[in-house]
Every structure is written in structure tokens, then in C-alpha cells.
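Here are the chains, one letter per residue:
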Amino acid sequence: MSNRSPRPATGVDRRLPSAFASLVLVLVAIIGPTVVYLSTPYGLGLRDDSYSYVTGAVSLAQGTGYGRLTGDGSLNPITNFPPLYSLALALPARLGIDVRVFARTLNGLLFGVTTLIGLMAVYGSTGSVFYAGFGAGLLLGSLTLIEQFTWLQSEPLFLCLQLLALVAIASYIHRPPRPVFLWVAAIASSLGAFTRFVGLGLILACGMALVLLLRKPLSARLKEAMSFMAVAVAPMIAFTIRNFAVKGSAANRPAPFWHPPPPEVWRGGLVLFLKWLLPDRVAAFLTDSSSMSLVTFLFLSVGAIWLGLRLARRANATSSPSLVLSHLSVQALFCLVYLGLIVFTVLLLDRLTPIDERILAPLHLSILLILALAAAHLSGSSSARARLSVAILCLGFAAFQIYRSGLIVESLARDGHGYSSERWRTSPTLAYARGLPAVPIFSNNLPAMYFIAGRTAYAIPSPTNLSNLEPNPSYGNELEEMRHLLRQGDGFLVLVGFAPTDVQGAEEWRNLTAGLLPVQGSSEGIVYGAAEP
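Scoring rules and cut-offs
- Residues numbered from 1 in each chain as written.
- Predicted model: local features only at pLDDT ≥ 70, side-chain atom pairs only at ≥ 80, totals over all residues.
- Heavy atoms only, no water.
- Helix = DSSP H or I, 4+ residues; strand = E, 2+ residues; numbered from the N terminus.
- Buried < 20%, exposed > 50% of the residue type's maximum accessible area, 1.4 Å probe, protein only.
- Contact = heavy atoms within 4.5 Å.
- Areas by Shrake-Rupley, 256 points an atom, 1.4 Å probe, with all protein chains shown as cover.
- Expected span 1.5 Å × (residues − 1).
- Salt bridge = Lys/Arg side-chain N within 4 Å of Asp/Glu carboxyl O.
- Phe/Tyr/Trp six-rings, centres within 6.5 Å; stacked < 30°, edge-to-face > 60°.
- Axes fitted to C-alpha atoms, helices over the stretch in contact; angles between N-to-C directions.
- Parallel < 35°, antiparallel > 145°, perpendicular 65-115°, else oblique.
- Left-handed = near helix turned anticlockwise from the far one by under 90°.
- Nonpolar A, V, L, I, M, F, W, Y, C, P; charged D, E, K, R; others polar.
- Pairing = 2+ DSSP bridges.
- Polar contact = N/O pair within 3.5 Å; in protein donor to acceptor, adjacent residues only side chain to side chain.
- Patch = residues over 30% accessible without salt bridge, like charges linked within 9 Å, V, L, I, M, F, W, Y side chains within 5 Å.
- pLDDT = per-residue confidence, 0-100.

Novice: How would you sum up the overall build of the protein chain? Please name residues and give values.
Specialist: Assigned secondary structure in the protein chain consists of 22 helices and nine strands. In the protein chain, buried positions account for 50% of the 533 residues. For the protein chain, restricting intrachain contacts to residue pairs at least 6 apart in sequence, the fraction spanning at least 24 positions comes to 73%. Only carbon and sulfur atoms are counted for the fraction: they give 67% of the accessible area of the protein chain, which is about 24700 Å².

Novice: Residues and numbers for helix 8 (residues 179-193), please.
Specialist: Between its first and last C-alpha atoms helix 8 spans 21 Å; for 15 residues at 1.5 Å apiece the expected length is 21 Å, and the two agree. Leu-182, Ala-185, Ala-186, Ala-188, Ser-189, Ser-190, Gly-192 and Ala-193 are the residues of helix 8 that are buried. Where helix 8 is buried, its residues touch helix 7 (155-174), helix 9 (199-213) and helix 10 (218-247).

Novice: Explain the pattern of salt bridges residue by residue, including any values.
Specialist: Under the definition given, this model contains seven salt bridges. In this structure, Glu-155 engages Arg-196 in a salt bridge whose closest nitrogen and oxygen atoms are separated by 3.3 Å. Of this pair, Glu-155 sits in helix 7 while Arg-196 is found in the loop between helix 8 and helix 9, placing the two residues 41 residues apart along the sequence. When sorted by exposure, Glu-155 lands in the same class as Arg-196, which is buried. As a salt-bridge pair, Asp-415 and Arg-425 come within 3.4 Å of each other at their nearest N and O atoms. Residue Asp-415 is found in the loop between helix 16 (384-414) and helix 17 (422-425), and its partner Arg-425 is found in helix 17; the two are separated by 10 residues along the sequence.

Novice: Break down the packing of aromatic side chains for me, with residues and values.
Specialist: Each aromatic ring pair is summarised here by two numbers: the centre-to-centre distance and the angle between the ring planes. Applying the stated criterion across every chain yields a total of 14 aromatic pairs. Consider the rings of Tyr-53 and Phe-81, whose centres lie 5.1 Å apart with planes at 55 degrees: the pair is tilted. In this pair, Tyr-53 is assigned in helix 2 (residues 48-61) and Phe-81 in the loop between strand 2 (75-77) and helix 3 (84-94), connecting sequence segments 28 residues apart. The burial state of Tyr-53 is the same as that of Phe-81; both residues are buried.

Novice: Any chance you could break down the packing of helix 3 against helix 4 (residues 99-126) for me, citing the residues and the numbers?
Specialist: Contact pair helix 3 / helix 4: the axes reach a minimum separation of 9 Å and the direction vectors enclose 120 degrees. When the interaxial angle is binned, helix 3 and helix 4 end up oblique. Judged by the twist between their axes, the crossing of helix 3 over helix 4 is right-handed. Each of Tyr-85, Ala-88, Leu-89, Pro-92 and Ala-93 in helix 3 lies in contact with helix 4, whose residues at this interface are Val-99, Phe-102, Ala-103, Leu-106 and Asn-107.

Novice: Help me get a handle on helix 16, residues and values and all.
Specialist: In this model, helix 16 (31 residues) spans 45 Å end to end at C-alpha, consistent with the 45 Å of a helix rising 1.5 Å per residue. Taken as a whole, helix 16 has its buried residues at Val-390, Ala-391, Cys-394, Phe-397, Ala-398, Gln-401, Arg-404, Ser-405, Ile-408, Val-409 and Leu-412.

Novice: Pulling in residues and values, what's your account of the packing of helix 9 against helix 14 (residues 323-349)?
Specialist: As a packed pair, helix 9 and helix 14 sit with axes 9 Å apart at the nearest point and diverge in direction by 135 degrees. Relative to helix 14, the element helix 9 lies oblique. In this structure, helix 9 crosses over helix 14, and the sense of that crossing is right-handed. In this structure, helix 9 contributes Gly-201, Leu-202, Leu-204, Ala-205, Met-208, Ala-209, Leu-212 and Leu-213 to the contact, and helix 14 contributes Ser-329, Val-330, Leu-333, Phe-334, Val-337 and Leu-341. The residue makeup of the contact of helix 9 with helix 14, split by class, is 12 nonpolar, two polar and no charged.

Novice: Tell me what's going on with the pairing of strand 9 (residues 525-530), and back it up with residues and numbers.
Specialist: The element strand 9 is extensively covered by neighbouring structure, given that five of its six residues are classed as buried. Of the strand pairs in this sheet, strand 7 (residues 492-496) and strand 9 are connected by five bridges, and their pairing is antiparallel. Looking at strand 9, one finds that Val-494 is bridged to Val-527. Bridge count between strand 8 (residues 516-522) and strand 9: six bridges; the pairing is antiparallel. Residue pairing in the sheet places Ser-522 in a bridge with Gly-525 of strand 9.

Novice: Go over the side chain of Asn-80, please, and point to the residues and values.
Specialist: Among the structural elements, Asn-80 can be located in the loop between strand 2 and helix 3. There is a polar contact of 2.6 Å between the side chain of Asn-80 and the side chain of Arg-68.

Novice: Explain the pairing of strand 7 to me, using residue names and the numbers behind them.
Specialist: Consecutive side chains along a regular strand alternate between the two faces of the sheet. A large share of strand 7 lies buried, amounting to five of its five residues. Burial along strand 7 is two-sided: Phe-492, Val-494 and Val-496 and Leu-493 and Leu-495, pointing in opposite directions, are all buried. The sheet contact formed by strand 3 (residues 441-443) and strand 7 spans three bridges and is parallel. Its bridge partner being in strand 7, Ser-443 is matched across the sheet by Val-494.

Novice: Any chance you could break down the sheet that holds strand 4 (residues 458-459) for me, citing the residues and the numbers?
Specialist: Sheet architecture is open: five strands sit in the order 4-3-7-9-8, paired in mixed fashion. The sheet is open, and its two edges are formed by strand 4 and strand 8, each paired on a single side.

Novice: Can you explain a nonpolar patch on the surface? Please cite residues and give values.
Specialist: Together, Trp-183, Ile-187, Leu-191 and Val-231 line one region of the surface with nonpolar side chains, adding up to about 390 Å² of accessible area. Here the nonpolar patch gets three residues from one element, more than from any other, and that element is helix 8. For Trp-183, the position within the fold is in helix 8. You can call Trp-183 exposed: its relative accessible area is 52%.

Novice: Lay out the confidence of the model for the protein chain in plain terms, naming residues and giving numbers.
Specialist: Mean pLDDT over the protein chain works out to 84, with 89% of the residues at or above the 70 mark. Mean pLDDT values over the elements of the protein chain span from 48, in helix 21 (residues 500-503), up to 95, in helix 7.

Novice: How would you explain the environment of Leu-212 if you had to name every residue and give the values?
Specialist: Among the structural elements, Leu-212 can be located in helix 9. Overall, the relative accessible area of 54% leaves Leu-212 in the exposed class. Considered as a pair, Leu-212 and Ser-329 are 117 residues apart in the sequence and their alpha carbons are 9.8 Å apart.

Novice: Account for the side chain of Ser-39, naming residues and giving values.
Specialist: On the secondary structure map, Ser-39 appears in helix 1 (residues 18-39). Separated by 2.7 Å, the side chain of Ser-39 and the backbone oxygen of Val-35 make a polar contact.

Novice: Go over the environment of Thr-144 with me, naming the residues and quoting the values.
Specialist: Topologically, Thr-144 is positioned in helix 6 (residues 143-149). On the basis of relative accessibility, which here comes to 3%, the residue Thr-144 falls in the buried class. In sequence terms Thr-144 and Ser-405 are 261 residues apart; their C-alpha atoms lie 8.6 Å from each other.

Right, dumping it as C-alpha cells:
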């Protein structure tokens, strides 16, 4: 008697011939890189974090360690970004390949692989051509995912590892005699945490899935979960020990303390979530006020609890739950753990953590897979009319997603992201800085100096510690050191990207520029040189 899980049977579901299935996989694998390529004619988007990833890759390729370049070319060890993404970029850099060029290729490949993993998870668990295509369309047409995969940042690698780990652990839970899935999940989640610190939530979710969902005696489940987590966190423990050795802290973060953000922060996260599923105007209406936002949040929470309880009842109603239910349960569990991790981080660890599309992207990826799997699951247990209704809704939602993604691809093709945009590429201040002699340079924008002007610089002193917004007790000494270096080496102070007096207070402006002479200026920046002694 077959042990295969029952699959939804709908009029549009059938197994693909192997040759045609291979062709579909190849096409999906090609579409992902193509979307990234078309969206980045000026290269991947560059932001402040990109500076750390690129200089970290360069320093690793040169064998000098893992750190950011300072004004004199020396390294400041990086502790707030795990190193795997920089390591991936360092390998080709060692062979002389440009880091930014390779990163564009890598991100495109990762988008294709991520989509393939999602497609195979849906098709392998449902046998549905239609819903596998629906899932692939959701991933490829996701505005949020396209945004993440077109920046030079660690999110593309993490999202790919996240989906691989969750799909693998669900497959192991469904078929525990096959330990290869457990090992794949352990390696993928371990590498995920070695890519981003939020990967610890991925490890925790996989460990909890083994305890809550694996059909073994409790002692066996606990033993497997503990072994899994011990293996998965090992690289992160090693990185933490290294950070304490070079910087005296685990991740250059302030000590935990209670700092709840204002309600607008939580409301912003709710707006983003709704925009994933609804037109922007509808999302804005549902969060128009604090009371409306609370009602919307409570409605979503009740719906999520109801769906979770329904899935739990179906899973417990049979001695061998379907693979679809295993995938749904694991993805839903990850969403809960990840949300809890975000709340814990914002409340206790880092009050500056923004609840934006970047931090919520892992949640978005899991929700898209849940939608595809849930639609297939509901269709398989419904009447013909209900199956047709679900299929029509899926087609409409996929078309809505793809239409919006087309707009963002078109927008990105006209100009780049961040420091890859025309505004930065044509900056007269940075063009001037590019031709400065090899002398000490201080700047308010180290990434722009590095990416556009091709120069390393020292950060200007700030009266505020930017990692925790507390007063900087060393501000006076840092100012004196900057002035000494500028006078001693005939250096320059480059302020770019804004009208500095609009951002910095008048007193800070006078402190920075005291004893310096302007040598170049424009509407978006100014360069000061050391005055004659």
C-alpha cells in the first residue's frame, strides 16, 4: 500500500512529463536573474550597509580580516554584520572579479534559486501544476522581493537559505526516516544565521517545529531539536567569540533595555503588511487612524488564530498529515517566531530597528508560500464550483502582483537604487573629491565617498553616538584629532548629499568647519580644506 500523501485533485492538476517539467524549471530559473538584470542597468542598489559588505569582502579577499576600510586604508573590524555574504563576494574578488559586478550576478541567481525552491515545495506537496505556477508567480512578481534582490545586501542570500531550511525541515517532519532533509535544514539555517543575526529566529523556528510537529516520543523530539540547534548555532557562536576578542562586544549594540517605540512605528509595519495583499488605497483606508489600525490588527489576529487552529485540527485528525500541512505548519510557525523576534528586538535590543520592508521581507516570503499552499489545500477539499472560485481569485491576485512588479522594474530601469542613482553618480562634490590628492579626508558619507569618488575617508565626529542616540562623551577629543590630522596632512572635509546646515545644528556646523576654508561648493555639498598655518 502506498505511503504517499494524498494530493489535491482538481481539473487543472496533473503531473508534468519529465521533459516538460525540466523545461519549466529552467524557465523559472532564468526569469529570476532576468528580472534582477533588467531592474539594475546601473548595478545593484547601494546603501550604507553595502559599504560594509563590499569593504568586508575586499578585506577578506586581501587576507587582512573582516572589516570596514578607514581613512588611511586600515581596517575597523565588523561585528554588526555576520560575514557569510561578504565571504561569498570575497571568493571571486580573490580572482580579480569586481565585487559589485559579481554581486549583481549572485543576487540574480539567488532570486532564481529561491523561486525554484518555492515552486518545487508547492508542486512536490500538491502535484498541482496550476498552484505551483501560482506560487512561482507570486515570488517572481513580488514587489517586496524584487526590491530586496536588487540591493547589494545580505537579504537575498538569507531569504534563499530561509526558504531552503523551512522546506527541508517540513519535508523531514513528513518523512522522518530521511535524515538528509534534517541535515539540509541544519546547514541552511546555520548559514542563515551566519548571514544575518535574525537567522537565530530561523534556527529557533526549525527547532520548535521538531518539538511540536515531529511524530515521535517527546524525549526523541527534544533530543533531535537540541542536537539540531547545537549544530546550527555553532558558526554564530564562533563569530560572537571573535567579536568579543576584537571589539569587546557581541554585535556593537547597546545593553538591552525597555524602549517601546511610538504607535506610528507599529502602524507603519501594519501598513506594509496590508500592502502586500491589497491595493495601496485599501491599505491606507484600513490604517487611517489609530482606532482603525487596532481594529484591522485584531481582525487579522483572529483570522490567523482561526486558520492556525483549523490546520492543527486537520493535522491531528490523521496519523499521517499531508506534506502540504507540514509545509503550512512550518511556515506559519516561522512567521510567529520571526514576529516575536522583531518585537523583542525593537522593545529591548535596538530601538533604531526600522519596521520596514527589509526587516519584514522574511515574513513576506513565508506568507507568499503559505498563500500558494493554502489555496491548493482548500481547492483539493472543495466542490468544483469552489475550486473554480479559488482558481479565479489566485489568477487575479497573481496578475495584481505581477502588474505592480512591472511598474517597479520599469522605475528601477530608469534610475538606480541609493548610491547607484543619477543624483549620486553625477554629484559635483564627489567628482571633485575623486581628484583630491592622497591626503586625510573626513566625510559625513563614507559609502558615497567609496562607491562614487573611489576614496576611503574618516567619519566626521558626531556629538551623538549613532548606535544608540546617546551623547558622545569623546566628541571634543575627536574634533581635536580631526583638526590635527587635517592640518598635519593638508587634508579635506567633504560634506555631501544635503545642505549640511539643514541637518546639523549651527553650533555643530561651526565646530566642524572651524579653522577650515571652503574650496568647492554646490547645492548638494561642500569641500573644506585646511587653512594656512
